[in-house]
Number of protein chains: 2
Amino acid sequence: MTEDRVSAALSPEAVLQQVRVVLVETSHPGNIGATARAMKNMGLRQLVLVRPKYFPHPDATALASGADDILEQARLADSLTDAVADCHFVIGTSARPRRGEWPCFDARAAALRVAGAVALGPCAVIFGRERTGLTNAELDHCHALMQIPSNPDYSSLNLAQAVQVVAYELRMAACGAPEPQQRQHPPAAAADMERFYEHLERVMLRSGFLDPANPRHLLSRLRRLFDRAAVDRNEVNILRGILAAVEQWAVRAKSNGGGDGQA
Amino acid sequence: MTEDRVSAALSPEAVLQQVRVVLVETSHPGNIGATARAMKNMGLRQLVLVRPKYFPHPDATALASGADDILEQARLADSLTDAVADCHFVIGTSARPRRGEWPCFDARAAALRVAGAVALGPCAVIFGRERTGLTNAELDHCHALMQIPSNPDYSSLNLAQAVQVVAYELRMAACGAPEPQQRQHPPAAAADMERFYEHLERVMLRSGFLDPANPRHLLSRLRRLFDRAAVDRNEVNILRGILAAVEQWAVRAKSNGGGDGQA
């Protein structure tokens, strides 16, 4: 049985709840709060803080902005070893390439791996210090490394922004299937569109816009336009209504005629 | 030789530089700074600020953290219309489903659309106010809406975090060699479409089709239709020509008036 087939049995929420986010020696408590919010926004719940510089702290609470529960449930750990002791798959974030034999993934591939792996037990994603990332010793606890694709000229994401991107990819991986397009009204049938095109042609001829000797090309262009619009039944009625109204307008104008150049 | 102009494939950097990020009425200048950083991290450069509450501001500079150049090059605009006048494809972020007919995409699909569309001209992604998002009038200027998949119980991302996720998806899309959209004629810019909509409204009012007391809903429906059609410059001229012709028709009919019920 492959990892992927087993994980198909877990709901997206269950998958996400098995993923642990670990922050190592975070300097700015605001980043911890913003991390909690980013996690909760994506359905993640497990936060472990390894020797945070300042925690708890008002900045963390302020930036958490409604994700206080994530902060309250956050576990404090003395070491990374302790933080991931029960995890079977640990991915570390690393902005720079590292000497060594780690499998390297971008955030998307990493998220897919994690989403598949949680069926076998807890997994963790590790984020290092704002300025210096993870030490070699800490990387030694990682089964693989992940990089967020970024501008090579300016690749250093804010810590909480990096968590947000990874959390988002985890949710996308956990959820899978794409959102189907939805429309409010059924599409217009071809016969309805034909009547519209006939009506439009009539108005274009009567108004003098269309040269009766050579109408085809312009009408064809307009057909392509309305095809792309995928006109629905409600809309074709609106369009027919406009055409009828302008025809009547010309009739009324003629009836009210007086040659003053106004209509 | 085919009729279609084959758009040369743009490099990822060139794709990203054609994408404009627009923030509308941002309350917290720190979010503007964090946005600039998130953009630069992903290779985006064009930032337009519509009526930011406080800008320039030390918080913006502080959070930009090395992306000062993005802030310095940021353009200030009085309106969203002004911010996107030269864009042919505009996607708005909307956390909540909206009544109406906008095509809706998740961030990934939206990014793929934008990455393909930049071959035809500038595109924009619009982010609204921190608390209230975008107004209905602002959404009316959007061809499509985008949502970031999130926890239904806690779906509100921090503004700069939302920008980060979208910027990341744009980079992923740009680097993934998106198929450039190809069209025979260049697309109509938003400003050209605005003139068309004004002209259409005038004809709809003068013909009596539109109730001047309540025009908004029908006009909005028609905007959605023409947005889906992705009208090109040649087509918008045809449409304007039709409108001008029917106006003249009514004028001539009036001049030739005689009350015989024909026009």
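Residues numbered from 1 in each chain as written. Chains lettered and ligands numbered in written order. Predicted model: local features only at pLDDT ≥ 70, side-chain atom pairs only at ≥ 80, totals over all residues. Heavy atoms only, no water.

Caption draft 1: A look at the overall build of chain A. Helix and strand content of chain A: 12 helices and 7 strands. Looking at the 263 residues of chain A, the share that counts as buried comes to 49%. For chain A, contacts bridging at least 24 residues in sequence account for 83% of all contacts bridging at least 6. Split by element, the accessible area of chain A, about 12500 Å² in all, is 51% carbon and sulfur. (Helix = DSSP H or I, 4+ residues; strand = E, 2+ residues; numbered from the N terminus. Buried < 20%, exposed > 50% of the residue type's maximum accessible area, 1.4 Å probe, protein only. Contact = heavy atoms within 4.5 Å. Areas by Shrake-Rupley, 256 points an atom, 1.4 Å probe, with all protein chains shown as cover.)

Caption draft 2: How the structure looks around the sheet that holds strand β5 (residues 104-106) of chain A. Residues and elements named next belong to chain A. Here we have 7 strands laid out as an open sheet, ordered β3-β2-β1-β6-β4-β7-β5, and parallel in their pairing. Because the sheet does not close on itself, it has two edges, and the strands there are β3 (75-77) and β5. Taking the axes of each pair of neighbouring strands and ignoring which way they run, one obtains an average angle of 30° across the sheet. Note: β5 against strand β7 (residues 144-147), 3 bridges, orientation parallel. Each bridged residue has a counterpart across the sheet, and for D106 the counterpart in β7 is Q147. Along the sheet, helix α9 (residues 159-175) makes contact with β1 (19-24), β6 (123-127) and β7, crossing β6 at roughly 155°. (Pairing = 2+ DSSP bridges. Axes fitted to C-alpha atoms, helices over the stretch in contact; angles between N-to-C directions.)

Caption draft 3: Representation of the sheet that holds strand β6 (residues 123-127) of chain B. All names here are of chain B. With parallel pairing, the 7 strands of this open sheet are ordered in space as β3-β2-β1-β6-β4-β7-β5. Strands at the two margins of the open sheet, each flanked by one partner only, are β3 (75-77) and β5 (104-106). Geometrically, the sheet is characterised by an average inter-axis angle of 30° between neighbouring strands, direction not taken into account. Relative to β3, strand β2 (residues 46-50) is paired through 3 bridges, and the arrangement is parallel. If you follow V50 over to β3, its bridge partner there is A77. Of the strands in this sheet, β1 (19-24), β6 and β7 (144-147) are in contact with helix α8 (residues 159-175), which crosses β6 at around 155°.

Caption draft 4: Spatial organisation of the nonpolar core. Of all hydrophobic cores here, the largest spans 94 residues; its most connected members are L47 of chain A together with L47 of chain B. The residues touching L47 of chain B, leaving out its near neighbours within four places in the chain, are V21, L23, I32, T35, M39, I70, L71, Q73, A74 and R75 of chain B. (Core = buried A, V, L, I, M, F, W, Y, C linked by side-chain atoms within 4.5 Å.)

Caption draft 5: Layout of the packing of α9 of chain A against α8 of chain B. Where α9 of chain A contacts α8 of chain B, the two axes come as close as 9 Å, and the packing angle between them is 60°. In terms of orientation, α9 of chain A lies oblique with respect to α8 of chain B. Seen along the crossing, α9 of chain A lies across α8 of chain B with a hand that is right-handed. Taken together, the residues of α8 of chain B that come into contact with α9 of chain A (itself represented by A160, Q161, Q164, V165, Y168 and E169 of chain A) are A160, Q161, Q164, V165, Y168 and E169 of chain B. The residue makeup of the contact of α9 of chain A with α8 of chain B, split by class, is 6 nonpolar, 4 polar and 2 charged. (Parallel < 35°, antiparallel > 145°, perpendicular 65-115°, else oblique. Left-handed = near helix turned anticlockwise from the far one by under 90°. Nonpolar A, V, L, I, M, F, W, Y, C, P; charged D, E, K, R; others polar.)

Caption draft 6: Layout of the interface of chain B and chain A. Across the boundary between the two partners, chain B contributes 78 residues, which contact 75 residues of chain A. Here chain B and chain A share an interface that buries about 6500 Å² over both sides, 58% of which is from carbon and sulfur atoms. Looking at the side of chain B facing chain A, the largest losses of area belong to Y154, W249 and K254 of chain B, adding up to 12% of the total buried there. At the boundary of chain B with chain A, the tally comes to 7 salt bridges. Here R108 of chain B makes a salt bridge to E169 of chain A, at a shortest N to O gap of 2.7 Å. Put simply, chain B and chain A have 33 residue pairs in polar contact (both at pLDDT 80 or more) between them. If you list the elements that add at least two residues to the side of chain B that touches chain A, you get α2 (29-42), β5, α6 (107-117), α8, α9 (190-206), α10 (216-229) and α11 (233-255) of chain B. (Buried area = accessible area lost by both parts, 1.4 Å probe. Salt bridge = Lys/Arg side-chain N within 4 Å of Asp/Glu carboxyl O. Polar contact = N/O pair within 3.5 Å; in protein donor to acceptor, adjacent residues only side chain to side chain.)

Caption draft 7: Seen up close, the pattern of salt bridges. Residue and element names in this part refer to chain A. Summed over all chains, the structure comprises 35 salt bridges over all chains. Two residues, R195 and D192, come together in a salt bridge whose shortest N-O distance is 2.7 Å. Of the two residues, R195 and D192 both sit in helix α10 (residues 190-206), 3 residues apart, roughly one turn of that helix. The class for R195 is partly exposed, based on a relative accessible area of 42%. Assessed through its relative accessible area of 23%, D192 is described here as partly exposed.

Caption draft 8: Region of the structure containing the environment of V48 of chain B. Residue and element names in this part refer to chain B. In this fold, V48 is placed in strand β2. A relative accessible area of 4% means that V48 is categorised as buried. It is 6.5 Å that separates the C-alpha atoms of V48 and L23, two residues lying 25 residues apart in sequence. Leave out the neighbours within four places in its chain, and V48 touches R20, V21, V22, L23, R75, A77 and A83.

Caption draft 9: Structural detail: the packing of aromatic side chains. Enumeration over the complete set of coordinates arrives at 5 aromatic pairs over all chains. Ring geometry for F196 of chain B against F226 of chain B: centres 5.1 Å apart, planes inclined by 80°, an arrangement best described as edge-to-face. With F196 of chain B in helix α9 and F226 of chain B in helix α10, the pair connects residues that are 30 residues apart, well separated along the chain. Each of the two residues, F196 of chain B as well as F226 of chain B, counts as buried. Among the aromatic side chains, those forming a connected cluster through ring pairs are F196, Y197 and F226 of chain A together with F196, Y197 and F226 of chain B. Across from the ring centre of Y154 of chain B, 4.9 Å away, lies the NZ or CZ of K40 of chain A, which sits over that ring. (Phe/Tyr/Trp six-rings, centres within 6.5 Å; stacked < 30°, edge-to-face > 60°. Lys NZ or Arg CZ within 6 Å of the ring centre and 35° of its normal.)

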